[in-house]
Amino acid sequence: MRILQLKSGFIALLVLVSSCRSIQPEAPVTGNLAETPPPVNSLTNSIVVPIEINLAGYFKQADKSVPTVTTGSDNPCSGIRYQFRFQKDSFGIATINNQLLAELIGSYWIKMEYCAGCSDMFTAKPVCVSPLVPFSCGINEPMPSLKIRFATDLTINENYGLETKTRVQELKPLNPCEVTIFRFDATGEVIKEVRKTLKKQCEETDKQLASISFQKDAAELWKNMNQTMLVPYLGYIHFEPLSLSLVKPRLADNKLYTTLVLNCRTYLNQDAAKTTLPELPKLSVIPKAPKDTFELMTDFELNYDSISQLFTSQVKGKSVQIDKNHFDFETVTVSGLDQKRISLEITFGGTKKGTLYLVGVPVFDNETKTLELSGLAYDLKTKSLLLKSAKWLFSDRIYNELQKSTRIDFSKEFNDLKKSIDKNMQQKNGDFYLAGKTHEINVVHIFPTIEKLYLRTCLNAQLNVKQ
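Residues numbered from 1 in each chain as written. Predicted model: local features only at pLDDT ≥ 70, side-chain atom pairs only at ≥ 80, totals over all residues. Heavy atoms only, no water.

Our next topic: the overall build of the chain. Scanning the chain from terminus to terminus reveals eight helices and 26 strands. Over its C-alpha trace the chain gives a radius of gyration of 44 Å, far above what one expects of a compact globule, namely 23 Å for 467 residues. Each of the three principal axes of the chain carries a C-alpha extent, and together these read 175 × 40 × 30 Å. For the chain, buried positions account for 43% of its 467 residues. If you sum the accessible surface of the chain, you get close to 25300 Å²; carbon and sulfur atoms cover 51% of it. In the chain, 56 positive and 50 negative side-chain charges are present, and the distance between their average locations comes to 4 Å. (Helix = DSSP H or I, 4+ residues; strand = E, 2+ residues; numbered from the N terminus. Rg over C-alpha atoms; globule rule 2.2 N^0.38 Å. Buried < 20%, exposed > 50% of the residue type's maximum accessible area, 1.4 Å probe, protein only. Areas by Shrake-Rupley, 256 points an atom, 1.4 Å probe, with all protein chains shown as cover. Lys, Arg positive; Asp, Glu negative; His and termini not counted. Charge placed at Lys NZ, Arg CZ, Asp CG, Glu CD.)

Looking only at helix 2 (residues 56–64), the buried set comprises Ala56, Phe59, Ala62 and Asp63. The buried residues of helix 2 occupy an angular sector of 130° when the element is viewed end-on, so they sit on one face. Close packing links the buried residues of helix 2 with strand 1 (43–54), strand 3 (79–96), strand 4 (99–115), strand 8 (145–156) and helix 3 (186–209). (Arc of directions from axis to C-beta. Contact = heavy atoms within 4.5 Å.)

So, on to unusual backbone geometry. Of note in this structure, Asn32 is not a glycine but carries a positive phi near 60°. Structurally, Asn32 can be placed in the loop between helix 1 (2–20) and strand 1. When its relative accessible area of 63% is taken as the criterion, Asn32 is described as exposed.

With that settled, the discussion passes to the sheet that holds strand 22 (residues 370–378). As summarised here, the arrangement of the six strands in space is 18-19-20-21-22-23, forming an open sheet in which the pairing is antiparallel. Two strands in the sheet have a free side with no partner beyond their single neighbour: strand 18 (319–322) and strand 23 (408–409). (Pairing = 2+ DSSP bridges.)

We now examine the nonpolar core. Grouped together as the largest cluster of nonpolar side chains are 104 residues, with contacts concentrated most on Ile110, Leu356 and Leu393. Counting residues per element, this core draws most heavily on helix 3, at seven residues. In this structure, Ile110 is in contact with Tyr82, Gln83, Phe84, Phe135, Ser136, Cys137, Ile139, Cys177, Ala186 and Val190, ignoring residues within four places of it in sequence. (Core = buried A, V, L, I, M, F, W, Y, C linked by side-chain atoms within 4.5 Å.)

Position of Ser405 relative to the elements: it lies in helix 7 (residues 396–405). Within the structure, Ser405 has its side chain in polar contact with the backbone oxygen of Glu401 (distance 2.9 Å). Not counting the four nearest positions on each side in its chain, Ser405 is found in contact with Phe311, Gln314, Val315 and Lys318. (Polar contact = N/O pair within 3.5 Å; in protein donor to acceptor, adjacent residues only side chain to side chain.)

Among the structural elements, Phe59 can be located in helix 2. In the structure, Phe59 is positioned 143 residues away from Cys202 in sequence and 9.9 Å away in space, judged by C-alpha atoms. Apart from the residues within four sequence positions on either side, Phe59 is in contact with Phe91, Ile93, Leu100, Ala102, Thr152, Thr205 and Leu209.

Between its first and last C-alpha, helix 8 (residues 411–424) extends 20 Å over 14 residues, near the 20 Å set by a 1.5 Å rise per residue. Restricting attention to buried positions, one finds in helix 8 the residues Phe414, Leu417, Ser420, Ile421 and Asp422. Looking at the packing, one finds that the buried side of helix 8 touches strand 12 (227–231), strand 17 (293–303), strand 21 (354–365), strand 25 (432–448) and strand 26 (452–466). (Expected span 1.5 Å × (residues − 1).)

Attention now moves to the pattern of salt bridges. Taken as a whole and assessed by the stated rule, the structure comprises 17 salt bridges. Taking the shortest distance from any N to any O, the salt bridge between Arg265 and Glu240 comes out at 2.8 Å. Of this pair, Arg265 sits in strand 15 (residues 255–269) while Glu240 sits in strand 13 (residues 235–247), and the two are 25 residues apart along the sequence. Of the charged contacts, one joins Glu401 and Lys404 as a salt bridge, the two residues approaching to 3.7 Å between their closest N and O atoms. With Glu401 and Lys404 both in helix 7, this residue pair falls three residues apart, about one helical turn. For Glu401, a relative accessible area of 14% corresponds to the buried category. Among the charged side chains, a network of salt bridges with common partners joins Lys318, Glu401 and Lys404. (Salt bridge = Lys/Arg side-chain N within 4 Å of Asp/Glu carboxyl O.)

A few words now on the pairing of strand 4. Alignment of strand 3 against strand 4, held across 17 bridges, turns out to be antiparallel. Among the inter-strand pairings, Ile96 is bridged to a residue of strand 4, identified as Gln99. Hairpin remark: strand 3 followed by strand 4, antiparallel, with two residues in the connecting loop; positive phi at Asn97, about 50°. Note that strand 4 and strand 8 share eight bridges and pair antiparallel. When the bridges of strand 8 are listed, Leu104 appears paired with Ile148. Where strand 4 meets strand 7 (residues 133–137), five bridges bridge the pair, whose relative direction is antiparallel. Residue pairing in the sheet places Tyr114 in a bridge with Val133 of strand 7.

Put into structure tokens, the structure is as follows:
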């Protein structure tokens, strides 16, 4: 009987010793961890600069360069002889259906006389042998008038110049001068002579419009956007011009509208040095402007020690009661495990004490700007040990507490960053004013490395450049 009592006491002692033994599983084995994340690719962004040119002045200058009054005459011996005077009364321009139109209204008078026949029998040169019949239009009566419409086609060449081709689209008599008795339309003779003046008008119009060049604006933009922009605590945003384009001109309200588009490589680093600027490239014409948004990729570094301290501060001192057992959180140590996962080393006390290893995938919620762990679970070696010694540690209450305590809210940091970027993107460069507004900063990838956790982010902003 006494032997049985001794055996029972020994068994109880073994159970007591077993229950007090600490849990110390092997740590997870790390693998495929790099020292740094993959390099950040630079992005090509488009910077758009709206351009507006009022064409009225160019047409008026062209009109001034052509005489207001045109005169002419024809004096054959026989037939119709005439002398005329044409004057420009009004001039205006209009843009209709994306076409540039100029309209000129002019009035004229014409003196004519008719000789039925000529002879040089008694003279050195032919003379009219029949009585001259004079007639006229626009003298001592309202002058007849003409309406002339010019149409101008515009193109842009690779040297940033405006090329035009102006032609007479319509030449219409408003009240023709017709002499019924001779069935002679004097207007036709006037038009024939006026066309010579109109040709000169077209040439002068093209000459004036040819003085419009976008090269100065392009050169200024090309030069001034080759820059670095310091954003405190972030680094230098670099803009490296690559090419220039101009949107096919649009005509409306007597103005030419187009957009200068600078394509540039954009990236961020800690080096303030600018790159060498190549020569201004030849211009290309594109059908429409891209959106005035710009994107930038960059990495944010999170040191594992800092994450560990933050997790520990959020969980330390918390206790979870599970039936007759209780679990007391002490510290959390974070480290990289592989290319996607991180490891948590949890030290704890309570009914049992020791260390637990959990693994999870860090994910970022761009809506709430929080970093948290997905699929948090015990490491396989820890799980195997607990199945043999303390199944109660699989409690959902421990998981839930860890999930809450391993969540980091970055909303304040991201808002502060947006404000800092916006502030530093308001500046004047040469003749251009730069104004930026950050829309979003989203995490697009997370890279665990040996010493740090990297959040690769994409900054999306609107970048306005105005003259």
